[in-house]
Amino acid sequence: MRLLIIEDEPGIARFLKQGLEEEAYEVDVVASGPEGLAQAQTQPYALLLVDWMLPGLTGLEVCRQLRASGSTTPLIFLTARDTVADTVAGLQAGANDYIKKPFHFDELLERIRVQLRPAGRPLERFTLGPIVLDVSTHQVSKHGQEISLTQKEFALLEYLLRHKGKVCRRRQLIENVWDIHFEYNTGVIDVYMNALRKKLGLSKDDDYLQTIRGVGYAARD
Ligand code: CA
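The structure presented is a predicted model; accordingly, all values stated were derived computationally and were not measured. (Residues numbered from 1 in each chain as written. Predicted model: local features only at pLDDT ≥ 70, side-chain atom pairs only at ≥ 80, totals over all residues. Heavy atoms only, no water.)

Chemist: Hey, could you go over the sheet that holds strand 7 (residues 131-134) for me, with residue numbers and the actual values?
Modeler: By way of backbone hydrogen bonds, the strands of a sheet pair with one another, either parallel or antiparallel. With antiparallel pairing, 4 strands are arranged side by side in an open sheet as 6-7-8-9. Edge positions in the open sheet fall to strand 6 (125-128) and strand 9 (145-147), since each of these has one partner strand only. Strand-to-strand twist across the sheet, computed as the mean angle between neighbouring axes with direction ignored, equals 25 degrees. As judged from the 3 bridges shared by strand 8 (residues 139-142) and strand 9, these two strands associate in the antiparallel manner. When the bridges of strand 9 are listed, Val140 appears paired with Ile147. Running over the sheet, helix 6 (residues 151-162) touches strand 6, strand 7 and strand 8 and is turned about 105 degrees from strand 7. (Pairing = 2+ DSSP bridges. Helix = DSSP H or I, 4+ residues; strand = E, 2+ residues; numbered from the N terminus. Axes fitted to C-alpha atoms, helices over the stretch in contact; angles between N-to-C directions. Contact = heavy atoms within 4.5 Å.)

Chemist: Break down the packing of helix 1 (residues 10-22) against helix 5 (residues 105-116) for me, with residues and values.
Modeler: Where helix 1 meets helix 5, the axes come as close as 11 Å, and the angle between the chain directions of the two elements is 60 degrees. Put simply, helix 1 runs oblique to helix 5. Where helix 1 crosses over helix 5, the two elements pack in a sense that is right-handed. Every residue of helix 5 that contacts helix 1 at Phe15, Leu16, Gly19 and Leu20 is listed here: Phe105, Leu108, Leu109 and Ile112. (Parallel < 35°, antiparallel > 145°, perpendicular 65-115°, else oblique. Left-handed = near helix turned anticlockwise from the far one by under 90°.)

Written out as structure tokens, the structure reads:
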């Protein structure tokens, strides 16, 4: 992923570039507002780090012009100006976040990662022995091999993993996974559990997905 730093203080620019390259980002640096604006408008960056006080055009103005031209590239301000009014102006101009100088590199890195997450969603992963369920990508794998599940199978496994170690009662499963709240036959759960075990390569007596007779099911490591 390629990032653009618009920063006129060489020391800070160098420090950021080096740190971000160590984190495997590709990094370009420019030192003035007009150069930054031109570069951001013509190159496909994943994210922009923009100093507030820049020669030629302020960071705020760069941000305003970028947003006015339709760019939605995430933008984080680096600012020594930490008054509330400045912050509000930055966010109103379309910035996604800001960080006050001096800052810890780790904090900046975390803010960058938040902006680069798909759709801003938090990473949500659950494990069960060798099985990994990733809610954000909607993928399930075992020993690193992807396993294809139906929507309902995925939802059932997700529910059991969110409650790992606890017994999920049949009624609880039918209400939460199937969203059925009236007269129901919970036999459907067994059908899906069997399908799920088969796809995950688990036997009926395995320890990972346990049948609690007469009560429900439990996922246990
Ligand atoms: Ca500056």
